[in-house]
Amino acid sequence: MGLLAYLKTQFIVHLLIGFVFVVSGLVINSVQLCTLVLWPLNKQLYRRLNCRLAYSLWSREYCPLRTLGGGVLGAELVMLLEWWSCTECTLFTDQATVDRFGKEHVVIILNHNFEIDFLCGWTMCERFGVLGSSKVLAKRELLYVPLIGWTWYFLEIVFCKRKWEEDRDTVIEGLKRLSDYPESMWFLLYCEGTRFTEKKHRVSMEVAASKGLPALKYHLLPRTKGFTTAVKCLRGTVAAVYDVTLNFRGNKNPSLLGILYGKKYEADMCVRRFPLEEIPLDEKEAAQWLHKLYQEKDALQEMYNQKGVFPGEQFKPARRPWTLLNFLAWATILLSPLFSFVLGVFASGSPLLILMFLGFVGAASFGVRRLIGVTEIEKGSSYGNQEFKKKE
C-alpha cells in the first residue's frame, strides 16, 4: 500500500477534511448573509455571487445531505469523488446532446438506486460548469440544517414538506421565481421519491398493479406531481428534460464510506435529451409520459445488466482542477492555525486542556461516524412506505 492509499484510510485525515468543510462553510454562509442586501438592489448580481460561493462549498463538501428523497444522507462531494477516490464517470449519449451541456436550463431525472447517485450527478454538473447553479427539490427540514440548509436558502432552493396539499402553493411559487435565473441551471428530480429497496419496490409494484400500470423491475413507480408541476412552472424557462440512467460496472454497489476510503468506482450514465415541446401540456398526459419514460429506463437497465453497456456513443468528460485547488486553498488557510493550536495545547502541559481537547476530538469522531452510518441504504428514508404501512 502506497503512502497516499494509506492516508486515505486514516480516520484523522477524514476528520481534518470534515474540519475544513465545516469551518469554511460557516465562513461562506456568513458572506452569503451579507449578500442579502443586494437582493432588492440587484437580484441578478446577488444570484451570480451566491452561485460562486456555493460552488466553493459543494466542490469539496463533506456533510449530512439529502435531495428530494427522505432521511439524512451523508455526503462527500465532488472533490472527494474526482480526486480522492478517482472514480470515473462515462456518459452514453450523442454529440449533439453533449454540445448543449451547460448551455441551457434543464430538468434532470435520475434513478435513485445508489448511495452516491446524486454525487455522480453533481460531478457532471461540475464538469460542465453548472455546479454552483444546480437546484433540487428538498424536504423542508433541511432548511434548518447548518451549512447545507443555509446555503440552499441563499440559492433559492425549493423546499417542500412532501404533503402536496400543503406544498402546492410553496412549490409553484418557488419554481416560478427561478424563471429569470441568470446562470445555466440544472434542476434535479428524483421522481421515485425515495431510494430503491426491495421492500419499497414490492409495495410500489402492488400500487402499480392496482392502477393498471406496467411493472418495473429496476425502479419504483414514479410520483408524477413534482414532475408535472416542475414542467408546467418552468415551461418557457427550461429547454429540455435530461433523462439520466445510472449504473456501475462490475455490478458494484458503491458507498459513501468507500469514497471516503479512496475506493475507485466506474460509473456509467445514459443521458437522453427530450425537448420540452415533446412533453404534453396536459397534466394527465404529462404523467403518462413520465410513466412511459420509466418503462424505457427499465429497459435500459435490463440492457446494461445483460451487455454491460448502455446504447450510444461514449464520452468521458475531463475533470477540472478547480475543485482540488479550491479544497487545497481552504485547507492551507484553515489547517495551519489548527495545527498551531494543537501544538500549543500539548506544549502547555496542562492535563485539563489536553483532556478537553481529546474529549472534543472523541466527540467529533463519534459525530462523523454517526453521519456516515445514516447514509446506508437500509437506514434511509421511510418515505414511500405509507402504502406498506396501510397494508400491514
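These numbers were taken from a predicted model, which means no experiment stands behind them. Think of each chain on its own: its residues are numbered from 1, step by step along the sequence as written. In keeping with the predicted nature of the model, local features appear solely for residues at pLDDT of at least 70, side-chain atom pairs appear and are counted solely at 80 or more, and the whole-chain, interface and lining totals rest on all residues. Note that water and hydrogens are dropped before the side-chain values are worked out from all heavy atoms of the structure.

**Thoughts on the nonpolar core**
A general feature of soluble globular proteins is that nonpolar side chains tend to end up buried together.
Alright, step 1. Working definition of a nonpolar core: buried Ala, Val, Leu, Ile, Met, Phe, Trp, Tyr and Cys residues. They are joined through side-chain atoms within 4.5 Å. Note on exposure labels: buried denotes an accessible area under 20% of the residue type's maximum, exposed denotes more than 50%, and partly exposed covers the range between, all computed with a 1.4 Å probe on protein chains only. Ranked by size, the top nonpolar core spans 104 residues in total, and within it Trp-58, Trp-122, Trp-152, Trp-186 and Phe-227 carry the most contacts.
Alright, step 2. The contact rule is simple, with two residues in contact once any of their heavy atoms fall within 4.5 Å. Those residues in contact with Trp-58, other than ones at most four positions away along the chain, are Leu-77, Val-78, Trp-122, Leu-131, Ile-148, Thr-151, Trp-152 and Leu-155.

**Describing the UniProt feature "transmembrane region" (unreviewed entry) in the protein chain**
Alright, step 1. UniProt positions are given in the numbering used here, feature names are shortened, and annotations may be inferred rather than shown by experiment. UniProt records the feature "transmembrane region" (unreviewed entry) at residues 12-39, 324-346 and 352-372, using the numbering of this structure.
Alright, step 2. The helix count covers DSSP runs of H or I at least four residues long, the strand count covers runs of E at least two residues long, and both are numbered beginning at the N terminus. The annotated region residues 12-39 carries 86% helix and 0% strand content, and the separation between its end C-alpha atoms amounts to 41 Å.
Alright, step 3. Each end of residues 324-346 is marked by a C-alpha atom, and these two atoms are 32 Å apart; helix forms 100% of the span and strand 0%.

**Some details on the packing of helix α10 (residues 224-234) against helix α12 (residues 283-307)**
Alright, step 1. At a minimum axis separation of 9 Å, α10 and α12 run at an interaxial angle of 120°. Taken together, the axis directions place α10 and α12 in an arrangement best described as oblique. Handedness of the crossing formed by α10 with α12: right-handed. Residues Thr-224, Lys-225, Phe-227 and Thr-228 of α10 form the contact with α12, whose participating residues are Glu-283, Ala-286, Ala-287, Trp-289, Leu-290 and His-291.
Alright, step 2. Residues of the contact of α10 with α12, tallied by class, amount to five nonpolar, three polar and two charged. To get an axis, fit a line to the C-alpha atoms, keeping to the stretch in contact for a helix; angles then go from 0 to 180 degrees between the N-to-C directions. Orientation categories follow fixed angle ranges, with anything under 35 degrees roughly parallel, anything over 145 roughly antiparallel, 65 to 115 roughly perpendicular, and all other angles oblique. Whether a crossing is left-handed or right-handed is set by the direction in which the near helix is turned from the far one by less than a right angle, anticlockwise for left-handed and clockwise for right-handed. Gly falls in the polar group here, along with every residue not listed as nonpolar (Ala, Val, Leu, Ile, Met, Phe, Trp, Tyr, Cys, Pro) or charged (Asp, Glu, Lys, Arg).

**A closer look at the side chain of Lys-135**
Alright, step 1. Its location among the elements puts Lys-135 in strand β5 (residues 135-139).
Alright, step 2. For the buried Lys-135, no salt bridge is present, and the opposite-charge side chain at shortest range is Glu-156, 5.3 Å distant.
Alright, step 3. Of the polar contacts made by the side chain of Lys-135, one reaches the side chain of Tyr-181; its length is 2.9 Å.
Alright, step 4. In contact with Lys-135, not counting residues within four places along its chain, are Leu-155, Ile-157, Leu-178, Tyr-181, Met-185, Trp-186, Phe-187 and Leu-188. Only four residue types enter the charge count: Lys and Arg as positive, Asp and Glu as negative, with His and the chain ends excluded. Whenever Lys or Arg places a side-chain nitrogen within 4 Å of a carboxyl oxygen from Asp or Glu, that contact is recorded as a salt bridge. In protein, a polar contact requires one atom able to donate a hydrogen and another able to accept it; more generally it is a pair of N or O atoms within 3.5 Å, and residues adjacent in sequence count only if both atoms are side-chain atoms.

**What to know about the pairing of strand β7 (residues 186-189)**
Alright, step 1. In β7, alternate side chains face the same way, and those of Trp-186 and Leu-188 on one face and Phe-187 and Leu-189 on the other are all buried.
Alright, step 2. Strand pairing is defined by DSSP finding a minimum of two bridges between the two strands. Looking at chain direction, strand β4 (residues 106-110) and β7 are connected through four bridges and run parallel. The partner of Val-107 across the bridge, within β7, is Phe-187.
Alright, step 3. Examined bridge by bridge, β5 and β7 share two bridges and lie parallel to one another. When the bridges of β7 are listed, Val-136 appears paired with Leu-188.

**A closer look at the sheet that holds strand β8 (residues 240-248)**
Alright, step 1. With respect to topology, eight strands assemble into an open sheet ordered β6-β5-β7-β4-β8-β9-β3-β10, the strand pairing being mixed. Only two strands of the sheet have a single neighbouring strand rather than two, namely β6 (158-160) and β10 (313-315). Shown here is a sheet whose adjacent strand axes are inclined to one another by a mean of 30°, direction ignored.
Alright, step 2. Across the sheet, helix α6 (residues 117-127) lies against β3 (88-93), β4, β5, β7, β8 and β9 (266-275), angled at about 80° from β3, the strand it touches most.
Alright, step 3. Of the strands in this sheet, β5, β6 and β7 touch helix α8 (residues 164-177), which is tilted by about 175° from β6.

**Brief notes about a nonpolar patch on the surface**
Alright, step 1. A contiguous nonpolar patch, built from Leu-3, Tyr-6 and Leu-7 and spanning about 310 Å² of accessible area, is present on the exposed surface.
Alright, step 2. Judged by its relative accessible area of 43%, Tyr-6 is partly exposed. Note that patches include only residues with greater than 30% relative accessible area and no salt bridge, and the join distances are 9 Å for like charges and 5 Å for nonpolar side chains (Val, Leu, Ile, Met, Phe, Trp, Tyr). Accessible areas in this description were obtained via Shrake-Rupley with a 1.4 Å probe; residue shielding takes into account the shown protein chains only.

**Focus on the pattern of salt bridges**
Alright, step 1. A complete count under the given rule lists 21 salt bridges for this structure.
Alright, step 2. The salt bridge involving Asp-180 is made with Arg-47; its shortest N-O contact spans 2.8 Å. Placement of Asp-180 in the loop between α8 and β7 and of Arg-47 in helix α3 (residues 43-58) is noted, with a sequence separation of 133 residues between them.
Alright, step 3. Classification of Arg-47 as buried rests on a relative accessible area of 1%.
Alright, step 4. For Arg-249, the salt bridge identified is with Asp-268, shortest N-O distance 3.0 Å. Highlighted residues: Arg-249 in the loop between β8 and α11 (256-260) and Asp-268 in strand β9, separated in sequence by 19 residues.
Alright, step 5. Several salt bridges share partner residues, and in doing so they unite Lys-43, Arg-47, Glu-156, Arg-177 and Asp-180 into one network.

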